[in-house]
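What the coordinates show
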Amino acid sequence: MAAMNDASGTVANVNVSVAKSAPKSATAVAYAVATKGAVARQLGLNRAALEANKFEGKIGQSLAVPNAGGVAYAIGIGDPGSIDITAVRRAAADFARVTAKHAEIAINLADLGHLDAKEAGQAVAEGVLLGTYRYVGLKGDVAVGSRLVSVTVVAGDKRAKGVQQGVERGVIVGVAATFARELANTPPSYLNAKDIAAKAVALADDAGLEVEVFNKDQLLAMGCGGMIGVNAGSTEPPRMVKLTYVPRNVPKNAKVAHLAMVGKGVMYDSGGISLKPSNPSHVAMKMDMSGAAAVLSAMSALKALKCKTKVTAWLMCTDNMPSGSALKLGDVLTMRNGKTVEIHNTDAEGRLILADGLSLAAEEAPDGIIDIATLTGAALAALGTEIACVLGTNQPFVEQVKACAETVDEAVWQLPMATAQYRKLLDSVVADMRNIGGPYAGTITSSIFLSEFTGDVPYAHLDIAGPMEKQSDGGLYAKGASGFGTRLLIDLACNFTAPE
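Every chain is numbered independently, its residues counted from 1 as its sequence is written. It should be noted that, the model being predicted, local features are given only for residues of pLDDT at least 70 and side-chain atom pairs only at 80 or more, the latter also being counted only at that level, while totals for whole chains, interfaces and linings use all residues. Processing note: side-chain calculations cover all non-hydrogen atoms of the structure and skip hydrogens and water entirely.

**Comments concerning the overall build of the protein**
Formally: Numbered from the N terminus, helices here are DSSP runs of H or I no shorter than four residues, and strands are runs of E no shorter than two. Only protein chains enter the calculation, and the probe is 1.4 Å; a residue is then buried if its accessible area is under 20% of its type maximum, exposed if over 50%, and partly exposed in between. Residues count as neighbours in contact if any of their non-hydrogen atoms are within 4.5 Å of one another. Residue exposure ignores everything except the shown protein chains as possible cover, and the areas themselves are Shrake-Rupley values with a 1.4 Å probe. The charge count includes Lys and Arg as positive and Asp and Glu as negative, but it does not include His or the ends of the chains. By convention, charge coordinates are those of NZ in Lys, CZ in Arg, CG in Asp, or CD in Glu.
On a plain count of helices and strands, the protein comes out with 15 helices and 20 strands. Relative to its full complement of 500 residues, the protein shows a buried share of 59%. Summarising the internal contacts of the protein: among those between residues at least 6 apart in sequence, 76% fall at separations of at least 24. A total accessible area of about 19,600 Å² is found for the protein, and carbon and sulfur atoms account for 53% of it. Charge-centre separation for the protein: the mean point of 46 positive side chains lies 6 Å from the mean point of 48 negative side chains.

Structure representation (structure tokens):
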């Protein structure tokens, strides 16, 4: 199966196939090695020799062993009693990274008999594509990208069918996640709100999506005061994109669950009048649309995965710039659902555009709404760069999100909504509420703010400000935008059940 994405070329035209053994054309072949137990004879080294080369079989370790056909790699998969799908996915990514200059590789990680064949095949394909990804973008030296053309996933006869099915899913999911990375890595002068809307339109037919794009005049007529207010300082017009996926071949009388997704798409965030400092974090604000990128990329995969859930998505896209027409502190905006919001900080803009999207989502009365956003520095301060915050108004729905996060190895940690304790921090003298709640508990107060726009619909909020970017290569990630949340949203959509 060929893996392709939109722009980078780093996973484009990579053929991923399943075979009983590694082809002779593969110049790099991976063999799984645990911390104890048998060692594949094809490596040409026994355990004593591996240990003499400081290879113990731990996750993250690899050892190259040159041979007549190229290079055999020992890939560490950890303690044999605790090898799981997460370990396989990470090991596959490690192998893809260390073999980036090889055109044809083979890997036997899906042939671990105690793991479900389909899950193992998916994990290997995801891991290889995620580990291979590099942003080439505007670099003159395209050699920074991977040379990978072909991946052979080795599996015996009894597991081949299941592994093949898993590989097909893994390619779809892996390509979606790299598409999200590609979008978020793209400089803002090359990807504005109109551009991302055009990309959504371009992929809609093949992805089986209905697409509607709303311009500034339409947003104004719809009463989307958050979008209009945040965009007021920009020369680039906003766009709201609505995507709808309806599953096919569903029995006529079957009840179809309906999930809504809303993604923050601030294409560049200067902070507005509340200008951000000129430091590395400001440079990363091209990634403030990572939520919208994750939602768009997740939606692109649902048809190919034969998702049985109806999914409606809103991408709320604008930039946030300072100018003579920009939103001012003390201004009051009227949001889509009629609530008024006093502005106390123009750098708390994400919640303003999400409020309109959440209001529109709630009007359709879905079974659940999830939003995803690079929303608060408080989330980064609380949980660092590896873990996203999740909060919600319905615990069964939040539990579904947490379960999906664990399945796909995108870590989340639940914080309390704490409405009774902290809602008063959002009180305003002149409006229904203000857009910030003070210096403390920023992730919680922003979530309380957002919940004011979801009505009675079960709601979960993902704040991915921490894991939106990686400073170095490692595990499933390459330096730059992470695409975090894409695989989580795909898993949630494909396994969603209406919460109680």
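**Quick notes on the pattern of salt bridges**
The condition that has to hold: Within this document, salt bridges are pairs made up of a side-chain nitrogen of Lys or Arg and a carboxyl oxygen of Asp or Glu, the two lying within 4 Å of each other.
Considering all chains together, one arrives at 21 salt bridges under this definition. Among the salt bridges present, the one from Asp288 reaches Lys264, with a minimum N-O distance of 3.0 Å. One end of the pair, Asp288, is in the loop between helix 8 (280-283) and helix 9 (290-301); the other, Lys264, is in strand 10 (residues 258-269), and 24 residues separate them in sequence. In this structure, Asp288 and Lys264 share a single accessibility class: buried. The salt bridge partner of Glu410 is Arg487, with a shortest N-O separation of 3.9 Å.

**So, the packing of aromatic side chains**
Centre-to-centre distance and the angle between the planes together describe a pair of aromatic rings. As a reminder of what qualifies: Within 6.5 Å between ring centres, the rings of Phe, Tyr and Trp (the latter by its six-membered ring) count as paired, and their orientation is classed by plane angle as stacked under 30 degrees, edge-to-face over 60, tilted in between.
In total, this model carries three aromatic pairs according to the counting rule given. Between Tyr73 and Phe95, the aromatic rings sit 5.7 Å apart at their centres with planes inclined by 70 degrees, giving edge-to-face as the arrangement. Of the two residues, Tyr73 is situated in strand 5 (residues 70-76) and Phe95 in helix 2 (residues 85-98); the sequence distance between them amounts to 22 residues. Residue Phe95 is classed as buried on the basis of its relative accessible area of 0%. A centroid spacing of 5.8 Å and a plane angle of 75 degrees characterise the contact between Phe397 and Phe496, whose relative ring orientation is edge-to-face.

**Some points on empty space enclosed by the protein**
We apply this condition: A cavity, in this analysis, means grid points on a 1 Å lattice covering only the protein atoms where a 1.4 Å probe fits yet has no way out; a pocket is instead an open set bounded by protein on both sides within 12 Å along at least five of seven lines, and a residue lines either one if it has an atom within 4 Å of a point. Grid points are joined across faces, edges and corners, and a volume is the space filled by probe spheres set on the points. Side-chain classes are defined by residue name, with Ala, Val, Leu, Ile, Met, Phe, Trp, Tyr, Cys and Pro counting as nonpolar, Asp, Glu, Lys and Arg as charged, and the others, Gly among them, as polar.
Throughout the structure, instances matching the rule amount to three cavities of 30 Å³ or more. A volume near 50 Å³ is recorded for the largest cavity. Around the largest cavity sit Gly229, Val230, Gly233, Gly272, Ile273, Asn320, Met321, Ala326, Leu327, Thr346 and Glu349, which together line it. Its residues assigned to classes, the lining of the largest cavity comprises five nonpolar, five polar and one charged. The computed volume of the second largest cavity comes to approximately 40 Å³. For the lining of the second largest cavity, the elements supplying multiple residues, two or more each, are helix 4 (157-185) and helix 9.

**A few points about the packing of helix 12 (residues 395-408) against helix 15 (residues 486-495)**
For clarity, the cut-off: What counts as an axis is a line fitted to C-alpha atoms, over the stretch in contact for a helix, and the angles between N-to-C directions run from 0 to 180 degrees. Oblique is the label for every angle not falling under 35 degrees (roughly parallel), over 145 degrees (roughly antiparallel), or within 65 to 115 degrees (roughly perpendicular). Each helix crossing is assigned a hand: it is left-handed if the near helix lies turned anticlockwise from the far helix by less than a right angle, otherwise right-handed if that turn is clockwise.
As a packed pair, helix 12 and helix 15 sit with axes 9 Å apart at the nearest point and diverge in direction by 125 degrees. Taken together, the axis directions place helix 12 and helix 15 in an arrangement best described as oblique. At the point where helix 12 passes helix 15, the crossing takes the right-handed sense. Residues Phe397, Gln400, Val401, Cys404, Ala405, Thr407 and Val408 of helix 12 form the contact with helix 15, whose own contacting residues are Arg487, Leu488, Asp491, Leu492 and Asn495.

**Section: the layout of surface pockets**
Counted as a void, the largest pocket has a volume near 710 Å³. Lining of the largest pocket is provided by 32 residues; of these, Lys276, Leu375, Thr376, Gly377 and Ala465 occupy positions nearest its centre. Elements that contribute at least two residues to the lining of the largest pocket include exactly strand 10, helix 11 (377-383), helix 14 (442-451) and strand 19 (469-470). For the lining of the largest pocket, the leading source of residues is helix 11, giving three residues. Per-class residue counts for the lining of the largest pocket are 10 nonpolar, 12 polar and 10 charged.

**Comments concerning the sheet that holds strand 17 (residues 433-434)**
To keep it simple, the criterion reads: For two strands to count as paired, DSSP must find a minimum of two bridges between them.
Strands sit in the order 12-13-17 across an open sheet of three strands; the sheet is mixed. Looking at strand neighbours, the two that pair on one side only are strand 12 (332-334) and strand 17, the edges of this open sheet. Examined bridge by bridge, strand 12 and strand 13 (residues 340-342) share three bridges and lie antiparallel to one another. Bridge pairing in strand 13 places Leu333 opposite Val341.

**With respect to helix 9**
For clarity, the threshold we go by: What a helix should span is 1.5 Å times the count of its residues minus one.
Given a rise of 1.5 Å per residue, 12 residues ought to cover 16 Å, and the 17 Å separating the end C-alpha atoms of helix 9 matches this to within 8%. Across the 12 residues that make up helix 9, a large majority, 11, are buried. Taken together, the buried positions of helix 9 are Ser290, Gly291, Ala292, Ala293, Ala294, Val295, Leu296, Ser297, Ala298, Met299 and Ala301.

**Looking at the pairing of strand 5**
By the criterion of burial, strand 5 is predominantly enclosed, with six of the seven residues buried. Pairing between strand 3 (residues 28-33) and strand 5: six bridges, direction parallel. Looking at strand 5, one finds that Ala28 is bridged to Val71. Across six bridges, strand 4 (residues 62-67) lies against strand 5 in antiparallel orientation. Of the residues in strand 5, the one forming a bridge with Ser62 is Ile75. Counting the residues between successive antiparallel strands, the hairpin from strand 4 to strand 5 contains two residues.

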